[in-house]
Each structure stands twice: as C-alpha cells, then as structure tokens.
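# Inside the fold
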Amino acid sequence: MAIFFEFEADFVDSLRCIPMQVRYKLDTCGIKLKLSDWHHMNQDERTALVELPCTTETEIKAYQDYLQQLILDRTGKPAATLPIESEPAWMDSSNIPTSIQEKAQEIGVILTQQQWANLNPLQRFALIKLSRSGHENKNFPQAIAEFNLRE
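Let us look at the structure shown here. (Residues numbered from 1 in each chain as written. Predicted model: local features only at pLDDT ≥ 70, side-chain atom pairs only at ≥ 80, totals over all residues. Heavy atoms only, no water.)

Let us look at the layout of surface pockets. Within this model, the second largest pocket holds a volume of roughly 440 Å³. Contributing to the lining of the second largest pocket are 21 residues, with Tyr24, Lys25, Thr28, Cys54 and Thr55 lying nearest its centre. Those elements that place two or more of their residues in the lining of the second largest pocket are helix H2 (20–29) and helix H4 (43–51). Considering each element in turn, the lining of the second largest pocket owes the most residues, 5 residues, to H2. Taken together, the residues of the lining of the second largest pocket break down into 13 nonpolar, 4 polar and 4 charged. (1 Å grid on protein atoms, 1.4 Å probe; cavity = no way out; pocket = protein on both sides within 12 Å on 5 of 7 lines; lining within 4 Å. Points joined across faces, edges and corners; volume = space filled by probe spheres on them. Helix = DSSP H or I, 4+ residues; strand = E, 2+ residues; numbered from the N terminus. Nonpolar A, V, L, I, M, F, W, Y, C, P; charged D, E, K, R; others polar.)

This part covers the side chain of Glu8. Position of Glu8 relative to the elements: it lies in the segment before helix H1 (9–12). Buried charge without a salt bridge: Glu8, with Arg23 as the nearest opposite-charge side chain at an N-O distance of 6.7 Å. Reaching out from Glu8, the side chain makes a polar contact with the backbone nitrogen of Met20 at a distance of 2.5 Å. Beyond its immediate sequence surroundings of up to four residues, Glu8 is in contact with Pro19 and Met20. (Buried < 20%, exposed > 50% of the residue type's maximum accessible area, 1.4 Å probe, protein only. Lys, Arg positive; Asp, Glu negative; His and termini not counted. Salt bridge = Lys/Arg side-chain N within 4 Å of Asp/Glu carboxyl O. Polar contact = N/O pair within 3.5 Å; in protein donor to acceptor, adjacent residues only side chain to side chain. Contact = heavy atoms within 4.5 Å.)

Okay, the packing of aromatic side chains next. Describing an aromatic ring pair means giving the distance of the ring centres and the angle of the ring planes. Using the criterion set out here, one finds 6 aromatic pairs in the structure. Their ring planes at 70° and their centres at 6.4 Å tell us that Phe7 and Phe147 sit as a pair that is edge-to-face. Highlighted residues: Phe7 in the segment before H1 and Phe147 in the segment after helix H9 (139–146), separated in sequence by 140 residues. There is no split in this pair, since Phe7 and Phe147 are both buried. Here Tyr24 and Phe125 contribute two aromatic rings whose centre-to-centre distance is 5.2 Å and whose plane-to-plane angle is 85°, an arrangement assigned as edge-to-face. In this pair, Tyr24 is assigned in helix H2 and Phe125 in helix H8 (residues 121–131), connecting sequence segments 101 residues apart. Pair check on accessibility: Tyr24 and Phe125 agree, each one buried. By way of ring pairs, the aromatic residues Phe5, Phe7 and Phe147 are connected into one cluster. (Phe/Tyr/Trp six-rings, centres within 6.5 Å; stacked < 30°, edge-to-face > 60°.)

Turning our attention to unusual backbone geometry. One non-glycine residue, Leu15, lies in positive phi territory at about 55°. Residue Leu15 is classed as buried on the basis of its relative accessible area of 4%. In this structure, Asn148 is a non-glycine residue whose phi angle is positive, near 55°. Mapped onto the elements, Asn148 comes out in the segment after H9.

The topology assignment puts Glu45 in helix H4. Residue classification places Glu45 among the buried residues on the basis of a relative accessible area of 10%. Leave out the neighbours within four places in its chain, and Glu45 touches Tyr66, Leu70 and Arg74.

And the structure:
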C-alpha cells in the first residue's frame with residue numbers, strides 16, 4: 001500500500017520527486033538513487049518503485065535487483081550502492097537522534113521519548129531525513145505538524 005505524507009502533496013501526483021516511502025526502500029536495499037536517475041524513469045516505473053514491497057529479505061533482494069536493472073537500462077550505468085544499516089535509527093523507538101532534537105528545538109518543539117516511540121518507522125525515517133544538515137529542511141516543520149508532535 002502506498003503511503004504518502006501530506007508534506008509531499010505538491011509532487012505526489014506527478015512523482016517528480018522521490019517520495020519518502022521510496023527513499024525508505026532505497027536505504028533498506030542499499031541503493032543510491034539520484035534525482036536525475038529518477039527523472040529518467042517513466043511514470044509506471046516510478047509507481048512500481050512506490051508499490052513494490054521491500055520488507056522481507058526476499059522482497060528487499062527483488063527490489064534491489066529490479067532497481068539496479070532499471071537504473072542500468074535507463075542510464076547505462078549501474079546504481080551506486082549504500083551500506084545497509086543493521087540497526088537503523090528509524091527502527092529504534094527508544095532513542096531520539098540528536099539531529100531531530102536540535103531541529104525540533106529550532107522551531108520551538110520539544111520532542112518526548114513517548115512521542116518518538118509512538119511514530120511508525122516510516123515517520124521516524126522521514127524526520128531523520130528531513131533533519132539532516134545540508135538537506136532542504138522546509139518540510140521538517142510540516143512533518144512535525146502532520147505527525148501531531150506540537151504540544
């Protein structure tokens with residue numbers, strides 16, 4: 001099932017940007033997908049990357065193989081790989097990453113451990129990605145509001 005966040009609403013219909021659920025799958029299967037590579041794909045291929053499962057070992061391998069072949073077919077070059085974290089921060093519901101605490105405090109929000117624990121892994125992943133330095137963080141406040149993290 002495709003899950004899109006409200007803060008992604010401006011590009012979901014066209015899929016002109018890589019949605020968080022695909023970015024989550026990329027980190028899960030260890031493939032770096034550049035936006036330029038994403039733009040080489042047609043709408044059906046982008047939709048497939050949104051909809052294909054990527055949870056079990058078998059699904060992760062199938063997603064990785066499909067994406068590698070797709071990137072090779074579209075660009076003529078193999079996709080760069082990323083290390084796959086054995087214990088990614090978004091799966092840890094007991095520890096709020098410092099980057100998120102700092103980014104939240106910048107907008108006047110104090111995140112509690114209970115709030116963090118109540119988020120699902122995709123929501124935690126989104127906050128981690130949106131709080132990274134060097135990332136355009138305009139969607140971070142929107143995600144905080146969407147996830148009901150303002151007191």
